[in-house]
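Notes for the structure review
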Amino acid sequence: MNNPELMIEAHNLRRVFGKKEAVAGISFEVRRGEIFGFLGPNGAGKTTTIRLLTGQIDPSAGDALVAGCDIVRERQQLKEQIGVVFEEQNLYERLSARDNLEFSCGLYGIARSRVDEVLELVGLRDRSKETVQSFSNGMRQRLMIARALLHRPQMLFLDEPGRGLDPIAAGSIRRSIRQLSQEGMTVLLTTHLMEEADQLCQRVAFVADGHIVALDTPRALKLAHGKRTLTVTLADPEVEQNGRQSLEDATLSMDDPADQARLLQWMQQGWIRAIHSAEGSLEDVFLQVAGVQLV
């Protein structure tokens, strides 16, 4: 263990609550500088895994190193190396964004000059004097990320960063995450939003019932498990409606011999006007490998 190229090394992590096994012996690695997605429906074990990796709860079995720190024996050192943003927003609403961050600086002995740097990173420097209660959900989420970055951690944990955000706010959060990654930050995010993971993550792990059921790049997973389809726009030269050719779309499977023969026939007949290919979505892949719908 303790490979300098890796930010997380987890081995057979388990966590039991009463009779429920929330995390059921998972093992995985996260490389330095990587955006790694932990994907699955609510109750799959994603948040419990983050709580284990950030030293907030003890594993029932297994072990892990995060930023070179043992998650049980070296918790104080671990806290100094990581930033954590959970789904629940715990900001001081009557204070300004700047006051929120300066208060945290005072608690942890961080120079207040760091406040402007993190506000700039998340695009809130021009709004820093406004109270948090006037902020949108997306702005609050960015402020929480800024607070988690105050002590210059090596790694950032984000729990459902896009939940409940409108498309514009979610896009802003994604841009902030990409910028952090470009500057060398390692990011692990949990999400049940497959589009978010597809756009952000270099690799993803699918989690169901506390197990990792698949782990690879989004593209490799879609190519291996997704349904490869073609949408074909057809026009019968001999059929017209109101002086125009009648157009219709047909969906074909690229892996079905019968559909392949049908496509060849249409090409020979000259009926095809357009062809569009589509690879399977991550949600399709998850349903195939996990057997459950995302909720």
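See the structure printed just above.
Everything numeric here is computed off the predicted structure, so don't read it as measured data.

In this section: the environment of Gly45. Note on placement: Gly45 falls in the loop between strand E3 (35-39) and helix H1 (46-53). Accessibility expressed as a relative area gives 9% for Gly45, which makes it buried. Residues Gly45 and Leu287, 242 residues apart in the sequence, show an inter-C-alpha distance of 17 Å. For Gly45, the residues in contact, after removing those within four places along its chain, are Ala22 and Val23.

Turning to the sheet that holds strand E2 (residues 20-31), a few remarks are in order. Overall, antiparallel pairing links the 4 strands, which are arranged E2-E1-E4-E5 in an open sheet. Among the strands making up the open sheet, the edge pair consists of E2 and strand E5 (69-70). When strand E4 (residues 61-66) meets E5, the two strands line up antiparallel, connected through 2 bridges. Within E5, the position partnered with Leu65 by the bridge is Asp70. Against the sheet, H1 engages strand E1 (6-17), E2 and E4, with an angle of about 65 degrees to E2.

Of the pockets and cavities examined, the largest pocket occupies roughly 790 Å³. The wall of the largest pocket is formed by 24 residues, among which Val84, Tyr108, Arg147, Ala148 and His151 lie closest to the centre. Elements that contribute at least two residues to the lining of the largest pocket include exactly helix H2 (75-81), strand E6 (82-85), helix H3 (97-108) and helix H5 (137-148). Across the lining of the largest pocket, the residue classes break down as 12 nonpolar, 8 polar and 4 charged. By volume, the second largest pocket is sized at about 160 Å³. Within the residue set of the lining of the second largest pocket, elements represented by two or more residues are E2 and H1. It is H1 that contributes the most residues to the lining of the second largest pocket, 3 residues altogether. Grouping the constituent residues of the lining of the second largest pocket by class yields 3 nonpolar, 5 polar and 6 charged.

Take the nonpolar core next. Ranked by size, the top nonpolar core spans 47 residues in total, and within it Leu143, Ile145, Leu156 and Phe206 carry the most contacts. Aside from chain neighbours lying at most four places away, what touches Leu156 is Gly83, Val84, Val85, Ile145, Ala148, Leu149, Leu180, Met185, Thr186, Val187 and Leu188. Within the second largest apolar cluster, 28 residues are counted, among which are Met7, Val30, Ile50 and Val207.

The next point concerns the side chain of Thr190. In this structure, Thr190 sits in strand E8 (residues 186-191). Among residues more than four places away in sequence, those in contact with Thr190 are Phe38, Lys46, Ile50, Leu158, Asp159, Glu160 and Pro161.

The rules we used
- Residues numbered from 1 in each chain as written.
- Predicted model: local features only at pLDDT ≥ 70, side-chain atom pairs only at ≥ 80, totals over all residues.
- Heavy atoms only, no water.
- Helix = DSSP H or I, 4+ residues; strand = E, 2+ residues; numbered from the N terminus.
- Buried < 20%, exposed > 50% of the residue type's maximum accessible area, 1.4 Å probe, protein only.
- Contact = heavy atoms within 4.5 Å.
- Pairing = 2+ DSSP bridges.
- Axes fitted to C-alpha atoms, helices over the stretch in contact; angles between N-to-C directions.
- 1 Å grid on protein atoms, 1.4 Å probe; cavity = no way out; pocket = protein on both sides within 12 Å on 5 of 7 lines; lining within 4 Å.
- Points joined across faces, edges and corners; volume = space filled by probe spheres on them.
- Nonpolar A, V, L, I, M, F, W, Y, C, P; charged D, E, K, R; others polar.
- Core = buried A, V, L, I, M, F, W, Y, C linked by side-chain atoms within 4.5 Å.

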